[in-house]
Amino acid sequence: MCIRYEFNTECCIIAIDIGENKEVGRLDIMLDKVLGYCKIERFQVRPTYRNRKIGSNMLHKVVVNVKNMACKVNEIEVYPNPEPYSIYDPNEKDKPMKNEELYQIYEKLNFQYVDKNVNKNKSNNRMILYI
C-alpha cells in the first residue's frame, strides 16, 4: 500500500491509495489567517485504512502548511463528532465510532481538552492542539 498526500486547497488535504486510486482519508480545516484561527471541520480515515498513521500524517502536513503560511495561528481546535465515513461515501459500510474511542484518537494526536471536566460519552467537547 502506497499513500500519496495532496492538498487540493490550502484548507484540505486528502490521502490517496495509489494502487486503488481512491481517497482513503481527508482533513478539512477552516482557516482565518488574519485572526489566527484554525479549526478542523472534517477529519476522517476509511475504516479499512485506520491504524496506519494516515490521520497523523495528514495532521502533521496541515500543521507544517499552516506554520509555513506565516500567519498568527498557534493552535488548532476541534469539536470531535463521530460521523461514519459512509456519510460521504455510501459504498462504505461503517458505523459511527464511540465517543470515547474518538477522544482517545485525538488524545494520541496531542490534543488537549479545554474543559478539564469533560463528559467523554458526549460528542463535541472542545479540544486544542498547540502548534
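Up top is the structure these notes are about.
**Digging into the overall build of the chain**
Working step 1: Scanning the chain from N- to C-terminus turns up two helices and seven strands.
Working step 2: Walking the chain from its N terminus toward its C terminus, one meets helices and strands in the order β-β-β-β-α-β-α-β-β.
Working step 3: Seen through its principal axes, the chain has C-alpha atoms that stretch 40 × 35 × 20 Å.
Working step 4: Burial status across the chain gives 41% buried among its 131 residues.
Working step 5: Partitioning the contacts of the chain with sequence separation of at least 6, the portion at a separation of at least 24 is 48%.
Working step 6: Once the 21 positive and 18 negative side-chain charges of the chain are each reduced to a mean point, those two points are 3 Å apart.

**Looking at unusual backbone geometry**
Working step 1: In the Ramachandran plot, K53 falls in the positive-phi region, its phi being about 70° despite a non-glycine side chain.
Working step 2: Summarising the element assignment, K53 is placed in the loop between strand 4 (37–45) and helix 1 (54–68).
Working step 3: Among the residues examined, K53 registers a relative accessible area of 60% and is labelled exposed.
Working step 4: In the Ramachandran plot, N110 falls in the positive-phi region, its phi being about 75° despite a non-glycine side chain.

**A word on the side chain of N99**
Working step 1: You can see N99 is positioned in helix 2 (residues 99–108).
Working step 2: The residues contacting N99, other than those within four sequence positions of it, are P82, K120, N121, K122 and S123.

**As for a nonpolar patch on the surface**
Working step 1: A surface patch of nonpolar side chains, about 420 Å² in accessible area, is lined by M30, V34, L35 and Y37.
Working step 2: Secondary-structure assignment places M30 in strand 3 (residues 22–32).
Working step 3: Overall, M30 belongs to the partly exposed group, its relative accessible area being 39%.

**Brief notes about the packing of aromatic side chains**
Working step 1: Evaluation of the coordinates by the stated rule reveals three aromatic pairs.
Working step 2: Each ring, one from Y106 and one from F111, has its centre 5.2 Å from the other, and the planes form 90°; the classification is edge-to-face. Take Y106 and F111: they sit in the same class, and that class is buried.
Working step 3: We note R42 situated over the ring of Y85; from NZ or CZ to the ring centre the distance is 5.6 Å.
Working step 4: Seen from the ring of Y88, R42 lies directly overhead, with NZ or CZ sitting 3.5 Å from the centre.

**Focus on the nonpolar core**
Working step 1: By size, the foremost hydrophobic cluster in this structure holds 30 residues, and its most contacted members are L27, I40, L59 and F111.
Working step 2: Those elements that place two or more of their residues in this core are strand 2 (12–17), strand 3, strand 4, helix 1, strand 5 (75–78), helix 2 and strand 7 (127–130).
Working step 3: Not counting the four nearest positions on each side in its chain, F111 is found in contact with I40, L59, I76, V78, Y106, M127, I128 and L129.

**Considerations on helix 2**
Working step 1: By the burial criterion, the buried members of helix 2 are N99, L102, Y103 and Y106. Within helix 2, the buried residues cover an arc of 100° as seen down the axis, which keeps them to one side.
Working step 2: Looking one or two residues past helix 2, N110 carries a phi angle of roughly 75°, positive in sign.

**Quick notes on the side chain of E92**
Working step 1: Following the sequence through the fold, E92 ends up in the loop between strand 5 and helix 2.
Working step 2: Given the relative accessible area of 13%, E92 is considered buried.
Working step 3: A polar contact of 2.7 Å, which involves the side chain of E92, links it to the side chain of R46.
Working step 4: Once residues within four sequence positions are removed from consideration, E92 is found in contact with R46, P47, Y85 and S86.

Conventions adopted
- Residues numbered from 1 in each chain as written.
- Predicted model: local features only at pLDDT ≥ 70, side-chain atom pairs only at ≥ 80, totals over all residues.
- Heavy atoms only, no water.
- Helix = DSSP H or I, 4+ residues; strand = E, 2+ residues; numbered from the N terminus.
- Buried < 20%, exposed > 50% of the residue type's maximum accessible area, 1.4 Å probe, protein only.
- Contact = heavy atoms within 4.5 Å.
- Lys, Arg positive; Asp, Glu negative; His and termini not counted.
- Charge placed at Lys NZ, Arg CZ, Asp CG, Glu CD.
- Patch = residues over 30% accessible without salt bridge, like charges linked within 9 Å, V, L, I, M, F, W, Y side chains within 5 Å.
- Areas by Shrake-Rupley, 256 points an atom, 1.4 Å probe, with all protein chains shown as cover.
- Salt bridge = Lys/Arg side-chain N within 4 Å of Asp/Glu carboxyl O.
- Phe/Tyr/Trp six-rings, centres within 6.5 Å; stacked < 30°, edge-to-face > 60°.
- Lys NZ or Arg CZ within 6 Å of the ring centre and 35° of its normal.
- Core = buried A, V, L, I, M, F, W, Y, C linked by side-chain atoms within 4.5 Å.
- Arc of directions from axis to C-beta.
- Polar contact = N/O pair within 3.5 Å; in protein donor to acceptor, adjacent residues only side chain to side chain.

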